Amino acid sequence: QNYLDNFWPDLKAAHELFESIVQARRERESESQENHGKEYPEHLPVEILEAGIKSGRYLQGTLNVNKHRAQLEAFVRLQALGSKDTG
């Protein structure tokens, strides 16, 4: 803000862009505070997910995404109980 005020006081577009960025950042911070610091809201509470995993209703795994073809290739590696990972 100081740089724009001191060196480019008449450049209206730059000031508008700066204000837009500041506003977007404030909105993102307020959303983060509403979600208790989490980037995305949870779909189900942790307690329900843990109970579902224990009962076998839900499966727990790791999502692996191809960094070169992220929108086309991905797979989930499931964590099998008491044995090695299964694909």
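Basis of the calculations
Residues numbered from 1 in each chain as written. Predicted model: local features only at pLDDT ≥ 70, side-chain atom pairs only at ≥ 80, totals over all residues. Heavy atoms only, no water. Helix = DSSP H or I, 4+ residues; strand = E, 2+ residues; numbered from the N terminus. Buried < 20%, exposed > 50% of the residue type's maximum accessible area, 1.4 Å probe, protein only. Areas by Shrake-Rupley, 256 points an atom, 1.4 Å probe, with all protein chains shown as cover. Patch = residues over 30% accessible without salt bridge, like charges linked within 9 Å, V, L, I, M, F, W, Y side chains within 5 Å. Salt bridge = Lys/Arg side-chain N within 4 Å of Asp/Glu carboxyl O. Contact = heavy atoms within 4.5 Å.

The protein goes by DI3L1 exonuclease in an unreviewed UniProt entry, where it is assigned to Sylvia atricapilla.

(A) View of the overall build of the protein. The helix and strand inventory of the protein stands at three helices and two strands. When the 87 residues of the protein are sorted by exposure, 5% land in the buried category. For the protein, the exposed surface amounts to about 8300 Å²; the carbon and sulfur share of it is 54%.

(B) Region of the structure containing a nonpolar patch on the surface. A cluster of nonpolar side chains, namely Tyr 3, Phe 7, Trp 8 and Leu 11, defines an oily patch on the protein surface of about 470 Å² accessible area. Mapped onto the secondary structure, Tyr 3 falls in helix H1 (residues 2–7).

(C) Inspection of the side chain of His 15 at higher detail. The residue His 15 is located in helix H2 (residues 12–34) in this model. Owing to a relative accessible area of 18%, His 15 belongs among the buried residues under this scheme. Beyond its immediate sequence surroundings of up to four residues, His 15 is in contact with Gln 1, Leu 4, Asp 5, Trp 8 and Pro 9.

(D) Geometry of the environment of Gly 52. Along the chain, Gly 52 turns up in helix H3 (residues 46–55). Assessed through its relative accessible area of 6%, Gly 52 is described here as buried. Those residues in contact with Gly 52 that sit more than four places away from it in its chain are Arg 57 and Tyr 58.

(E) Looking closely at the environment of Asn 64. Summarising the element assignment, Asn 64 is placed in strand S1 (residues 61–65). Classification of Asn 64 as partly exposed rests on a relative accessible area of 27%. Considering only alpha carbons, one finds Asn 64 and Ala 74, 10 residues apart in sequence, at a separation of 5.6 Å. Beyond its immediate sequence surroundings of up to four residues, Asn 64 is in contact with Ala 74, Phe 75 and Arg 77.

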